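Notes for the structure review
The primary structure of each chain is shown beneath.
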Amino acid sequence: QVQLVESGGGLVQAGGSLRLSCAASGSTFSLYNMGWYRQAPGKQRELVAGITSGGSTNYADSVKGRFTISRDNAKNTVYLQMNSLKSEDTAVYYCNAKRLPIFRYDYWGQGTQVTVSS
């Protein structure tokens, strides 16, 4: 069982920055592929950024060049640095951890609200 706790959300003006953190419990964090997702009101949850257990990253087109995902396996933590924030980035951001088999190892955090004022 893995528990994920997000932090770092808040209210920021357009053009500003925030850094989200997701702290994971357990001793097998390094085995997990980690992801940040977001869900805006009335919209489906979408992948924002992912980082594999080996450190490879991928990003949604809408955040490329503005957001950076990273992980610190020694601290069991994954980060999302968000720069040049836009009003359309407003959403609840969720941390996800998964590894094979996904039906057994797929965990979500409780979410943290990010609000960008224009």
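Above this note sits the structure.
Residues numbered from 1 in each chain as written. Predicted model: local features only at pLDDT ≥ 70, side-chain atom pairs only at ≥ 80, totals over all residues. Heavy atoms only, no water.

With that settled, the discussion passes to the sheet that holds strand β1 (residues 4-7). With antiparallel pairing, the 4 strands of this open sheet are ordered in space as β1-β3-β8-β7. At either end of the open sheet lies a strand with only one pairing partner, and these are β1 and β7 (67-72). Neighbour to neighbour, the strand axes of the sheet diverge by 15 degrees on average, direction disregarded. (Pairing = 2+ DSSP bridges. Helix = DSSP H or I, 4+ residues; strand = E, 2+ residues; numbered from the N terminus. Axes fitted to C-alpha atoms, helices over the stretch in contact; angles between N-to-C directions.)

Another aspect to go through is the nonpolar core. In this structure, Leu4, Met34, Trp36, Val78, Leu80, Met82 and Tyr93 are the most contacted members of the largest nonpolar core, which totals 31 residues. Elements with a minimum of two residues in this core: β3 (18-24), β4 (33-39), β5 (46-51), β7, β8 (77-82), β9 (91-98) and β11 (112-117). Ignoring sequence-local partners within four residues, the contact set of Leu80 consists of Leu18, Arg19, Leu20, Trp36, Val48, Ala49, Phe67, Thr68, Ile69 and Tyr93. (Core = buried A, V, L, I, M, F, W, Y, C linked by side-chain atoms within 4.5 Å. Buried < 20%, exposed > 50% of the residue type's maximum accessible area, 1.4 Å probe, protein only. Contact = heavy atoms within 4.5 Å.)

So, about the packing of aromatic side chains. By the definition in use, this model includes 3 aromatic pairs. Taken together through their ring pairs, the aromatic side chains of Tyr32, Tyr105 and Tyr107 make up a single cluster. If you follow Arg45 out to its NZ or CZ, it ends over the ring of Trp108, 4.7 Å from the centre. Its guanidinium or amino end placed over the ring of Phe29, Arg71 lies 4.7 Å from that ring's centre, counting from NZ or CZ. (Phe/Tyr/Trp six-rings, centres within 6.5 Å; stacked < 30°, edge-to-face > 60°. Lys NZ or Arg CZ within 6 Å of the ring centre and 35° of its normal.)

Moving on, we come to the side chain of Asn96. By the element assignment, Asn96 lies in strand β9. Its relative accessible area of 1% is what places Asn96 among the buried residues. Among all residues touching Asn96, those that are not within four sequence positions of it are Leu4, Asn33, Met34, Gly35, Tyr37, Asp106, Tyr107 and Trp108.

So, about unusual backbone geometry. The omega torsion of the bond from Leu100 to Pro101 falls at -10 degrees, within 30 degrees of zero and hence cis. Positive phi is not limited to glycine here, since Asn76 has a value of about 55 degrees. Along the chain, Asn76 falls in the loop between β7 and β8. Judged by its relative accessible area of 17%, Asn76 falls in the buried class. With a phi angle near 50 degrees, Ser84 is a residue other than glycine that sits in the positive phi range. When you line up the elements, Ser84 lands in the loop between β8 and β9.

The next subject is the state of the cysteines. For the structure shown, the criterion picks out 1 disulfide. Linked covalently through their sulfurs, Cys22 and Cys95 form a disulfide whose S-S length is 2.1 Å. Handedness here is read from the sign of the S-S torsion; for Cys22 and Cys95, about -80 degrees, the answer is left-handed. Residue Cys22 is located in strand β3, and its partner Cys95 is located in strand β9; the two are separated by 73 residues in the primary sequence. In this structure, Cys22 and Cys95 share a single accessibility class: buried. (Disulfide = S-S within 2.5 Å.)

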